[in-house]
Structures are given as structure tokens and as C-alpha cells.
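Close look at the chain arrangement
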Amino acid sequence: MARAFNFSPGPAALPETVLEQARRELLEWRGERASVIEISHRGKAFMAIAEAAERDLRELMAIPANYRVLFLQGGATQHFAQIPMNIARGRKADYVLTGAWGEKAAKEAKSLAEVRIAASSAADGYFGIPPRDGWDLDPEAAYVHVTPNETIGGVEFHDTPDVGDVPLVADMSSNILSRPIDVSRYGIIYAGAQKNIGPSGLVIVIIRDDLLERIPKDLPAIFSYAAHAKEGSMLNTPNTFAWYLAGLVFQWLKAEGGVAAMAARNAAKAALLYDYIDASGWYTNPVERASRSRMNVPFRLADAALDDVFVKEAEAAGLMALKGHRSVGGMRASIYNAMPIAGVEALVAFMRDFAARHG
Ligand SMILES: Cc1ncc(COP(=O)(O)O)c(C=O)c1O
């Protein structure tokens, strides 16, 4: 069977050329007489891969010199806990909730910090971002946490919120590298890799130097960002295969024109899909227009009884993983960097045909 257009929210589609390169290189990595998965992380060959991946990510995101880039593990979820453990133990931490992932992050932090919900759109069904002038930020908070893209609800910040001098911490799992951002506006950016970077389990943490100094010295080393930074993310055995694949994705991104080119492509893909949904009179997206995600597009059919038929027919047409998250129902098309515009065109053509036949 042929590969299909994969709209999975994560683990998500990777660029096909990256997978092909990994397959070509799998048995023996550049004269090492072993696969990249089978060589020491401390050897020269792997160190070169690791350094190149960090260098390329720094270049792609224009990460300033006073930030450390860590290649860690545990999924983004582990870092929901690790962040308060490192920089807010016993202190206040402000959370701005725009969906289910921010809610989870706040819940995980509760036993470690004094969590304050500074703003939340929960009462409105998480269909937007609470207006900035209503955020109840505490200047004493150790940080302000936001989720710039809510993967389930499809709600995205299209700017970086101004939170004054309190460090801004952002879970960018589902929109990292999808558009240029000013890293210097953030204290910590973290992201699970499985949408725009590579295999699940790997987590990229970008942390400003001064925050490393806040980290309690008695923290077990394995949880301490300072200890990981000191050891170059090799305090223990890193996920070498994921690190290698992330490096290939970064090279692919550079060859495609970098993050600015991705942003233009992502905007075009999202516009194509939202414009069709809005014009269809049959499909709907519930999110306020100004906060619609360019990465995850949830939509409903006019008749929910057709949901299963839609998913089945879409799969038969080579359009995979469109079923919405179980907590919200309906459909969701995740259209990360690796989704070509042809995939979105095929989806829109299928949706149009489906509505004509069933509407
Ligand atoms: C925005 C966001 N944060 C956190 C997570 C959790 O990531 P993980 O499963 O890697 O812990 C996800 C997973 O999809 C996500 O979309």
C-alpha cells in the first residue's frame, strides 16, 4: 500500500525525504560500520550529529547566545512537572489556559508550585484566547505559562503576549518551527518533538541562562535543567535516534527555505482549509477567527451521524487520521510543516465531494 496524506495530530507525518534518508542510512552510518542507533552517544560520530542538530536549530529559530538548547526526554508532559520543579518550587506560577494541554500543565504543577490561573477561556468552551487586558498576572510569579498552540481545540496565539519582567514559559509542542518567533521574549520554550520535529519522547527545551541559576542545587540531577545543560544533554544516554532524526528534519527545513518559508506555506494551507469550511455552509469550525490554529483545524459536519462514514471514506481516499479528539468529537486536520499543500487540496476536494453527496 502507498503512503497516504496523514493528518495525525502526533506522532505526525514527517517529511518523506527525511524518512528516505534515514532508511538509506539505517544499516551503516557514514563509515561507522553500524547504524546510528548502535553507536556511542559520546563517540565522535554521534557528537557531530548532536552538535549539527543544535547548530541548525539555533540558526532556524535565531536562538540568542544566552539561551541553552537541551535535547531531553519524557515527552512534554514530564516537563509540565519539571518546569515548576526547576524554577518555581514553593513560589507562585501563573497559567493562562486556552485549552486542554494548558489545563494539564497547570494540574501537573500544582503539587510543586502555587499555581494561579491568571486567565482562562474554559467558561467559553476554549474557543479563543482571553482578552489580554483581563489577565490577572502576579508580578511576583516565578513565570507565566502559555500554550501557544492548543492541539486539541485548535486555538493559537498569533503574537507573543507581553507579560512584563516575569519569564514567559511556552509549551510550543504543536507549533514550534512553524513561523518565526522572537526567542528573546521567552524564558523557556519547550516542545515535544512528535509534530514538527521528529519521534515522540524527545523534548526540546530552550532556556535562558539566568533561569538556570535559579534551579535548586538539591534537585536530583536527572530533573535539573542546570545539570543537563552542564552535561550537554548527555547526563545519561539521550534518545540518539530521535536526536539524529530531528537533525535531519532541521536540515530539511533549512533546504526548504527555513521557518519564514514554512510560515508562508502554513498560512496558505490553513487559509485554503478555513476558507472552504466557512464557505461550505455544511462544515463549521468553532474557534474565534483571530485565534484559529494554523496547525490543527477542528471541524464539524452538519450532521454528526455521518462522522464515521466521513472518516471511513476519507481513509479510502488516502486521507488518514482525521477523527477529532475524543473529548471534543467531530474532525480535526493536523497540517504541520511536513504536510504538503497538495494534502490540504486533496482534503478540501474530498470534503466538497462528501458534502455534495451527503449534504
Ligand atoms: C500542546 C501539547 N502539549 C503537550 C503534549 C503532551 O506531549 P507528550 O505526549 O509528548 O507528553 C501534547 C501532545 O500532543 C501537546 O499537543
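Let me begin by describing the structure that accompanies this report. (Residues numbered from 1 in each chain as written. Predicted model: local features only at pLDDT ≥ 70, side-chain atom pairs only at ≥ 80, totals over all residues. Heavy atoms only, no water.)

**What to know about the layout of surface pockets**
Our working definition: Definitions used for this entry: grid spacing 1 Å over protein atoms alone; cavity, a set of points where a 1.4 Å probe fits but cannot get out; pocket, an open set with protein on both sides within 12 Å along at least 5 of 7 lines; lining residue, one with an atom within 4 Å of a point. Grid points are joined across faces, edges and corners, and a volume is the space filled by probe spheres set on the points. Helix numbering and strand numbering both begin at the N terminus, where a helix is a DSSP run of H or I of at least 4 residues and a strand a DSSP run of E of at least 2. For this classification, the nonpolar set comprises Ala, Val, Leu, Ile, Met, Phe, Trp, Tyr, Cys and Pro, the charged set comprises Asp, Glu, Lys and Arg, and every other residue, Gly included, is treated as polar.
Considering only enclosed or pocket space, the largest pocket measures out at about 380 Å³ in volume. Along the wall of the largest pocket there are 24 residues; nearest its centre are W101, T151, I152, Q194 and K195. Those elements that place two or more of their residues in the lining of the largest pocket are α3 (75–87) and α4 (100–109). Within the lining of the largest pocket, the residues separate by chemical class into seven nonpolar, 12 polar and five charged.

**Here we look at the pattern of salt bridges**
So the rule is basically this: A pair is scored as a salt bridge if a Lys or Arg side-chain nitrogen falls within 4 Å of a carboxyl oxygen belonging to Asp or Glu. Exposure is judged per residue with a 1.4 Å probe applied to protein chains only, and the accessible area is read against the type maximum: over 50% gives exposed, under 20% gives buried, and values in between give partly exposed.
Within the structure shown, the criterion is met by 19 salt bridges. In this structure, K254 and D56 form a salt bridge, with 2.8 Å as the shortest nitrogen-oxygen distance. Pair noted here: K254 is in helix α7 (residues 240–255) and D56 is in helix α2 (residues 44–61), with a separation of 198 residues, a long-range link. Owing to a relative accessible area of 33%, K254 belongs among the partly exposed residues under this scheme. The class for D56 is buried, based on a relative accessible area of 9%. Across the pair K92 and D138 runs a salt bridge, and its minimum N-O distance is 2.8 Å. Of this pair, K92 sits in strand β3 (residues 92–97) while D138 is found in the loop between β4 (114–120) and β5 (144–146), placing the two residues 46 residues apart along the sequence. Given the relative accessible area of 26%, K92 is considered partly exposed. Linked by salt bridges that have partners in common, K92, D94, R116, D136 and D138 make up one network.

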